[in-house]
Amino acid sequence: MAVCLVLGVVWADHYSPLPSSVAPFAALALVLMLLATALKFSGGSVFLCLAVALTGASLHAHRIRPGAGDVAHLANTGPVRIIATVTRLVSTTEYSQRVQLDVHAAGRKDVAVPVNGKLLCTLPPDRPVNPGQTLLLHDVRISLPVRITSPGQYDEKRMLARRGVHALGKADRFTISRPEPLWRLTLDSTVARIRAHVVQVTRAAMPGPERGLFADLLTGMVFGMYSVELPQDLVEHFRRSGTVHVMVVSGGHVTLVAGAIIFLFRGISMRLPLRVLLIGLPLLLLYGLIAGLYPSVLRSLAMAAILLLGMVTGRRYDVWTALSVAAIALIIADTSALFSVSVQLTFAAVIGVVAFIPRAGPRRRQRASGFVTTLLALGGSALGAWLAVTPIVAYHFDSLVIGGILANLIVVPIRALVMGLGIAVVLLGSIWLPLAFLPATAGWVLLEVTVWTVRFFSLLPGSSLSGFHLPLGGIVVWYFAAAVVWWLLYGGSMRQTVESETNRLPRRQSEPEPQPSVSRAWPAVMLFALAAIGFFTAAVAARPAAHLRVIFLSVGQGHCALISDTGGNHVMIDAGSGMASSRAYHWVGPRVILPHLARLRVRHLDALIMTHADDDHCNAMADIIEAMPVRCLLTNGLPLDDSPAAQQALAAANHRGVQSAILRAGAKISLADSAELTVLHPPEKPLQRTVADCNNNSIVTRLTYGQVSFLFPGDVQREGEEMLLRWARTHGESLRSDVLLLPHHGRKTSSSGPFLDAVRPTVAIVSGAPPNWQPAHPEVVKRTAARGIPLLSTDMQGSIEMRTDGHRLWISSFSGDYPEDRRRRRWQVPISTPDCAAAW
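Since this is a predicted model, take the numbers as computed values, not measurements.

### Here we look at helix H15 (residues 437–459)
Compared with an ideal rise of 1.5 Å per residue, which puts 23 residues at 33 Å, H15 spans 33 Å between its outermost C-alpha atoms and is within 8% of the ideal. The complete set of buried residues in H15 reads Pro439, Ala440, Gly443, Leu446, Leu447, Thr450, Val451, Thr453, Val454, Phe457 and Ser458. On its buried face, H15 sits against helix H5 (182–205), helix H6 (211–223), helix H7 (232–240) and helix H14 (404–431).

### Digging into unusual backbone geometry
Omega for the peptide link from His681 to Pro682 comes to 10°, which places this bond in the cis form. Checked against the element boundaries, Pro682 lands in the loop between strand S17 (676–681) and helix H22 (693–696). Phi at Arg760 is positive, roughly 45°, even though this residue is not glycine. Among the structural elements, Arg760 can be located in the loop between helix H24 (753–759) and strand S21 (763–766). The partly exposed category is assigned to Arg760, whose relative accessible area is 49%.

### Comments concerning a nonpolar patch on the surface
A cluster of nonpolar side chains, namely Phe25, Leu28, Val31, Leu32, Leu35, Leu39 and Phe41, defines an oily patch on the protein surface of about 690 Å² accessible area. Among the structural elements, Leu39 can be located in the loop between helix H2 (19–38) and helix H3 (44–64). Owing to a relative accessible area of 54%, Leu39 belongs among the exposed residues under this scheme.

### Side note on the state of the cysteines
Per the counting criterion, the structure on display carries 0 disulfides. Cysteine Cys694 is unpaired, with the sulfur of Cys618 as its nearest cysteine sulfur at 8.5 Å. Under the relative-accessibility criterion, Cys694 is labelled partly exposed at 30%.

### Observations regarding helix H21 (residues 644–656)
In a regular helix each residue adds 1.5 Å, so 13 residues correspond to 18 Å; H21 covers 18 Å between its end C-alpha atoms and thus fits that length. Inspection of H21 places Ala645, Ala646, Ala649, Ala652 and Ala653 among the buried residues, and these make up the whole buried set. Along H21, the residues classed as buried sweep out an arc of 120° about the axis, all on the same side. When the buried face of H21 is taken as reference, the exposed residues oriented beyond 90 degrees from it are Asn654 and His655. The inward-facing, buried residues of H21 abut helix H19 (615–618), helix H20 (621–627) and strand S14 (632–635). Positioned one or two residues after H21, Gly657 has a phi angle of 75°, which is positive.

### What to know about the side chain of Thr149
Its place among the elements puts Thr149 in the loop between strand S5 (134–143) and helix H4 (156–162). For Thr149, a relative accessible area of 4% gives the class buried. Among the polar contacts listed, one links the side chain of Thr149 to the side chain of Ser554, at a separation of 2.7 Å.

### Concerning the confidence of the model for the protein
Across the protein, the average pLDDT comes to 82, with 85% of residues at or above 70. For residues 360–367, every residue scores under 50 in pLDDT, and the model assigns this stretch 13 contacts once sequence neighbours within four places are set aside.

### Considerations on the packing of aromatic side chains
Evaluation of the coordinates by the stated rule reveals 6 aromatic pairs. Between Trp11 and Tyr15, the aromatic rings sit 5.9 Å apart at their centres with planes inclined by 45°, giving tilted as the arrangement. Residue Trp11 and its partner Tyr15 are both found in helix H1 (residues 2–15); the two are separated by 4 residues, about one turn of the helix. For Trp11, a relative accessible area of 38% translates into the label partly exposed. Assessed through its relative accessible area of 55%, Tyr15 is described here as exposed. The interplanar angle of 70° and the centroid separation of 6.4 Å between the aromatic rings of Phe214 and Trp444 together place this pair among those described as edge-to-face. Placement of Phe214 in helix H6 and of Trp444 in helix H15 is noted, with a sequence separation of 230 residues between them. Judged by relative accessible area, which is 3%, Phe214 ranks as buried. One aromatic cluster in this structure is built from Trp452, Phe456 and Phe457. Positioned over the ring face of Phe339 is Arg162, at 4.0 Å from the centre of the ring.

### A short note on the packing of H2 against H3
At their nearest, the axes of H2 and H3 sit 8 Å apart, and the two run at 160° to each other. Of the possible angle classes, the one that applies to H2 and H3 is roughly antiparallel. Crossing geometry of H2 relative to H3 is assigned as left-handed. Between H2, through Pro19, Val22, Ala23, Phe25, Ala26, Ala29, Leu30, Leu32, Met33 and Ala36, and H3, the contact on the second element is made entirely by Gly44, Phe47, Leu48, Leu50, Ala51, Leu54, Thr55, Ala57, Ser58, Ala61 and His62. Residue classes in the contact of H2 with H3 are distributed as 17 nonpolar, 4 polar and no charged.

The rules behind these values
- Residues numbered from 1 in each chain as written.
- Predicted model: local features only at pLDDT ≥ 70, side-chain atom pairs only at ≥ 80, totals over all residues.
- Heavy atoms only, no water.
- Helix = DSSP H or I, 4+ residues; strand = E, 2+ residues; numbered from the N terminus.
- Expected span 1.5 Å × (residues − 1).
- Buried < 20%, exposed > 50% of the residue type's maximum accessible area, 1.4 Å probe, protein only.
- Contact = heavy atoms within 4.5 Å.
- Patch = residues over 30% accessible without salt bridge, like charges linked within 9 Å, V, L, I, M, F, W, Y side chains within 5 Å.
- Areas by Shrake-Rupley, 256 points an atom, 1.4 Å probe, with all protein chains shown as cover.
- Salt bridge = Lys/Arg side-chain N within 4 Å of Asp/Glu carboxyl O.
- Disulfide = S-S within 2.5 Å.
- Arc of directions from axis to C-beta.
- Polar contact = N/O pair within 3.5 Å; in protein donor to acceptor, adjacent residues only side chain to side chain.
- pLDDT = per-residue confidence, 0-100.
- Phe/Tyr/Trp six-rings, centres within 6.5 Å; stacked < 30°, edge-to-face > 60°.
- Lys NZ or Arg CZ within 6 Å of the ring centre and 35° of its normal.
- Axes fitted to C-alpha atoms, helices over the stretch in contact; angles between N-to-C directions.
- Parallel < 35°, antiparallel > 145°, perpendicular 65-115°, else oblique.
- Left-handed = near helix turned anticlockwise from the far one by under 90°.
- Nonpolar A, V, L, I, M, F, W, Y, C, P; charged D, E, K, R; others polar.

Listed below in structure tokens is the structure:
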């Protein structure tokens, strides 16, 4: 039933059916199941599975499609007044607070009509709000979530729709019309005081010079990393070593807490009185409230509650049943939980651990020592967890952690000891602080070992591979290979178990004595495994392309272009997004550029060119340099005092040992197959006293490959264009290019008539024009239209990819229009020059 429910939700998420078209079929399947059961037909289970799947699809369809009275229908209609209740605090900064609201009414002036739906709203930070409060928001501007425009980009629109949110809002002022309920205020304040007390006791009891860091680390390993503020670099070490799961409350944490409750009440007895359930469940809930009721915590609490209930009633605990019940409860309560990365990781980890814990068949079960048994169990659980969660991490985070098995062999046992010591520190420190000194000291020693281990494996060369994207086909192959590994390790034990149970059944006199079966299928299984591994390697291995590719990435109000030649060399020109972007500009590196590079299998950059130091051209460079190998960083050599983003990029380059160099007109960068990138600007003596010296001294490059050429002029304005034309005439360089990136994002201060006449492009690209321009400034559109130059915009068409063999040019673009966000659109651009031809 759990699998059917999951399949139904996934189907509805992919095809977005109307809820009214799914619910009747779910009811019909349920009726057919009841009839088949009553008439004793054999198809009742099939109809039951179908009814469960359609029920899940109906529940999810109600979330992902806005209703007739949804607040999303008020988007882009002007400011409105809204009455809504706060349901969730999303984020809080010193400039704003973001909350999720349940909308009750909306209107203009004094007229309000009933409206429903959820709204993700940004509020001013001067008056903090809490869940449960009812707000009156004035002059709310409602908009729709941003569509994705680049492969691998974080799809905020789809993720919000899965939570039932279809609109965004921003209010400059609001009033609290009704405070939160008393019971919720009391609960929240009590939990906050308990959490503060835990942190205070742990910090007071922890010894050592870095007592604050280790106290927070101890609290994070006991109650989760979200309960304290941990240094970002330390969290990154945990992530790269594949051990970040020990900092997230999951089944292991709740199991230890439940085990402690059981042991305190009944020791090792397998039967518990009812009072243990009445006391244990509130304690588990309190632990979950302190850690935060995240989906992984809810899954763990549900399984622990089933364990306690089974021990009270005397029933045998079956982990697969408990896991299925927890999954069904989570999905029915919130279908979007299925698409939560934490939920996927926690369920996958449990399945992997349970499946790969060593077992022996009844005929060959031997009495092994406790140490060997523990070691085998630890190794099997670490292998199973790694095999189960690695493809999920690679799919969502584009990284493959190879050394995670070895790191977990050390960290996971320490985590169990640290949890016990952490709970002891809190309990003893609450009674009398000196009592907590001994467990805190022991915890400090174990945490020192943990931090050293995590840093060692995160910095170990080859322990993690960034930019590694695993497509859905690769995930299927991975899990197939994992199933083969499981069969080779435990298939014999399972066969022996089945044979033993079969031999216990009474046999007829004519039946022969069963003989031990010896499987001869393992050579074929090994061949299938080797074929799967070969297919997997071929699917994810980086290989040179057949054509030279130039990709203009959609990064909002900024610019980023990637050049990939046939020899596997990669050059990136700029990487940044401006504050005026509709998407979060400071996330453009990890959420747009790096995922796109991972899907292109680009795992290194031979050159990273910063045309100039404006934020919309360089504020993602530090993230890129930290995430992947970069051979050299090329700049125009101007001072960077007014650009913190450029300074961060240079600091990251120095930290990673990346070479830096200055480009001037006349320099050349050679690529494969005689492709060449020529620097045309700035001159040896940079321009001064222009309208914008930073823009006019941008690095201008021209890429030539056979008979096809591309011009990248940065943000040069009229003065820079005039200087570029004079330099080209003086040195005999041609500006003629088949593809032109319009300078300065299509603003009217650039793309002058003489410049366009000198370039005579076949097609022009606009990267990051302001949203009120379609696709560039109206004056620039007139200039290009008068010369018959078609315009393509990354804001309108998404990321634009161009492929060429030196004679022909293929142009395609990513379409982000829902529900076509997984398709690519292609154009045939009319070519007027004989040296280049465009094709589909």
